[in-house]
Amino acid sequence: MKSPLRFALNRMVAPNLSLPDFIQLAASLKCDAIEIRNDLKDRQIEYGTPASRVRELCAVQGITVLSINALYPFDVWNDERRAQAIELATYARECGAQGLVMCPFNEPGDTRTDAQRAAGLRTALSEMAPILREYGILGFVEPLGFEESALRRKRVAVDAIKAIGGLDVFRVVHDTFHHHLANEHEFFPELTGLVHISGVEDADAPLNAIRDGHRVLVGEGDILGNAAQIDTLLSTGYSGYLSFEPFATSVHELADIQQALGASIAHLKKS
């Protein structure tokens, strides 16, 4: 029995809208969940909005905050990362968010060996687990499929989570863009806490040249196989949200984002 499609909006859908307008957009589309971010513009969580205000605005519309996106680079653990993690976990608990997205080091010039990266990943997960337990939230580990990413595939994340005994507080993020970029074929529906969806329509761009800026809403021209990925997840046991996460400026500048999102939702429902 395949689970129904449940859509959510990541703040990246419309980063230029005010928070009340963004929440209204979600409500208008009958999306009852959102993700907020700490990596936009001045890099404050939701542009410095108090957590209590986020909770209040969402409660009025019956909307759940799925995550704060993101703790970065979570796999390079130090005192600064611990402080960031506690700050984000505090905000997550106070605004009612279910969890915290955790992204790995993703820059050229990483001189660590694979063994050092693996050790860093296990250390970070071991250090994060008690923080997540204390604050009552989940850690959503998001592999990034770029060649320079320190953690490209979900299999590596899942094995590390199991190795440190973190199945109670960690889930993986299945991002359709990064799944395609990493050329990953494994799915982990039972350990997937969140799915990020975006489309790419530039069929001529080489795989290793595709970046966040190519990411648009999912439509007919999608080359990432979103519909097939979603179908696999939903038919093998995933029952959570599909959260729209387009990074392209062309999406952010749309005159009618509600109409565009509605069209993408309709496309996915019939796929």
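By the naming in an unreviewed UniProt entry, the chain goes by 2-keto-myo-inositol isomerase and is assigned to Pseudomonas orientalis.

Engineer: Explain the overall build of the chain here, please?
Structural biologist: A count of helices and strands for the chain gives 9 helices and 8 strands. By the compact-globule yardstick of 18 Å for 271 residues, the chain fits well, its C-alpha radius of gyration being 18 Å. With respect to the principal axes defined by its C-alpha atoms, the chain has extents near 45 × 45 × 40 Å. For the chain, buried positions account for 54% of its 271 residues. Within the chain, counting contacts between residues at least 6 apart in sequence, those at least 24 apart form 75% of the total. With the model as given, the accessible surface of the chain reaches about 11,600 Å², and the carbon-plus-sulfur share is 50%. Treating the 26 positive side-chain charges of the chain as one cloud and the 36 negative ones as another, the clouds have centres 4 Å apart.

Engineer: Sorry if this is basic, but what is going on with helix α2 (residues 51-61) here?
Structural biologist: Buried within α2 we find Ala51, Val54, Leu57 and Cys58. Buried residues along α2 cover an arc of 130 degrees about the axis, so they all sit on one side. Among the exposed residues of α2, those pointing more than 90 degrees away from its buried face are Ser52, Ala59 and Val60. Contact partners of the buried residues in α2: α1 (19-28), β2 (33-37), β3 (64-71) and α3 (79-95). Immediately beyond the C-terminal end of α2, within one or two residues, lies glycine 62, with a positive phi of roughly 70 degrees.

Engineer: Help me understand the sheet that holds strand β5 (residues 138-141), please; the structure alone is not making it clear to me.
Structural biologist: Across a sheet, strands are paired by hydrogen bonds formed along the backbone, either parallel or antiparallel in direction. Reading around the circumference, β1-β2-β3-β4-β5-β6-β7-β8 is the order of the 8 strands in this closed barrel, with parallel pairing throughout. Sheet twist, expressed as the mean angle between neighbouring strand axes with direction ignored, is 30 degrees. Bridge analysis of strand β7 (residues 192-197) against strand β8 (residues 242-244) gives 3 bridges, and the strand direction is parallel. Residue pairing in the sheet places histidine 196 in a bridge with serine 243 of β8. In the packing of helix α7 (residues 226-235) onto the sheet, contacts are made with β6 (170-175), β7 and β8, and the angle to β7 comes to roughly 165 degrees.

Engineer: Whenever I open this one, the pattern of salt bridges confuses me. Can you help?
Structural biologist: A side chain with one charge can pair with a side chain of the opposite charge if their charged atoms come near. Enumeration over the complete set of coordinates arrives at 19 salt bridges. Salt-bridge contacts for arginine 155 lead to aspartate 159; the nearest nitrogen and oxygen are separated by 3.0 Å. Note that arginine 155 and aspartate 159 are positioned in helix α5 (residues 154-163) at a spacing of 4 residues, about one turn of the helix. On the basis of relative accessibility, which here comes to 37%, the residue aspartate 159 falls in the partly exposed class.

Engineer: Would you mind going over the environment of leucine 19 with me for this structure?
Structural biologist: By the secondary structure assignment, leucine 19 is in helix α1. Owing to a relative accessible area of 4%, leucine 19 belongs among the buried residues under this scheme. Through-space distance from the C-alpha of leucine 19 to that of arginine 53 is 9.8 Å; in sequence the pair is 34 residues apart. If sequence neighbours within four positions are ignored, leucine 19 has contacts with Arg11, Glu46, Thr49, Val54 and Leu57.

Engineer: Sorry, what's going on with unusual backbone geometry here?
Structural biologist: Leaving glycine aside, a negative phi is the common case for residues, and trans is the common case for peptide bonds. Here asparagine 69 and alanine 70 are connected by a cis peptide whose omega angle stands at 20 degrees. Residue placement: alanine 70 occurs in strand β3. With a phi angle near 45 degrees, lysine 41 is a residue other than glycine that sits in the positive phi range. Relative to the assigned elements, lysine 41 resides in the loop between β2 and α2.

Engineer: Hey, could you run me through the packing of α1 against α2 in this one?
Structural biologist: The axes of two packed helices give the description: the angle between them and the distance between them. Taken N-terminus to C-terminus, the directions of α1 and α2 make an angle of 25 degrees; their axes are 10 Å apart at the nearest point. Taken together, the axis directions place α1 and α2 in an arrangement best described as roughly parallel. Viewed along their axes, α1 and α2 form a crossing whose handedness is right-handed. Along the contact surface, α1 presents Leu19, Pro20, Ile23, Gln24 and Ala27, while α2 presents Val54, Leu57, Cys58 and Gln61.

Engineer: Whenever I open this one, the environment of cysteine 58 confuses me. Can you help?
Structural biologist: Here cysteine 58 lies in helix α2. Not counting residues up to four positions away in its chain, the partners in contact with cysteine 58 are Ile23, Ile34, Ile63 and Val65.

Engineer: Mind showing me how you'd approach the nonpolar core here?
Structural biologist: As a rule of thumb, soluble globular proteins bury nonpolar side chains together. Counting 71 residues, the largest nonpolar core has Leu9, Met128, Phe170 and Phe244 as the members making the most contacts within it. Considering every element that reaches this core, the biggest residue donor is helix α4 (residues 114-135), with 8 residues. If we ignore the near neighbours within four places in the chain, the residues touching methionine 128 are Leu71, Trp77, Ala85, Leu100, Met102 and Phe170. Ranked by size, the runner-up nonpolar core spans 18 residues in total, among them Ala8, Cys103, Val200 and Tyr241.

About the criteria used
- Residues numbered from 1 in each chain as written.
- Predicted model: local features only at pLDDT ≥ 70, side-chain atom pairs only at ≥ 80, totals over all residues.
- Heavy atoms only, no water.
- Helix = DSSP H or I, 4+ residues; strand = E, 2+ residues; numbered from the N terminus.
- Rg over C-alpha atoms; globule rule 2.2 N^0.38 Å.
- Buried < 20%, exposed > 50% of the residue type's maximum accessible area, 1.4 Å probe, protein only.
- Contact = heavy atoms within 4.5 Å.
- Areas by Shrake-Rupley, 256 points an atom, 1.4 Å probe, with all protein chains shown as cover.
- Lys, Arg positive; Asp, Glu negative; His and termini not counted.
- Charge placed at Lys NZ, Arg CZ, Asp CG, Glu CD.
- Arc of directions from axis to C-beta.
- Pairing = 2+ DSSP bridges.
- Axes fitted to C-alpha atoms, helices over the stretch in contact; angles between N-to-C directions.
- Salt bridge = Lys/Arg side-chain N within 4 Å of Asp/Glu carboxyl O.
- Parallel < 35°, antiparallel > 145°, perpendicular 65-115°, else oblique.
- Left-handed = near helix turned anticlockwise from the far one by under 90°.
- Core = buried A, V, L, I, M, F, W, Y, C linked by side-chain atoms within 4.5 Å.

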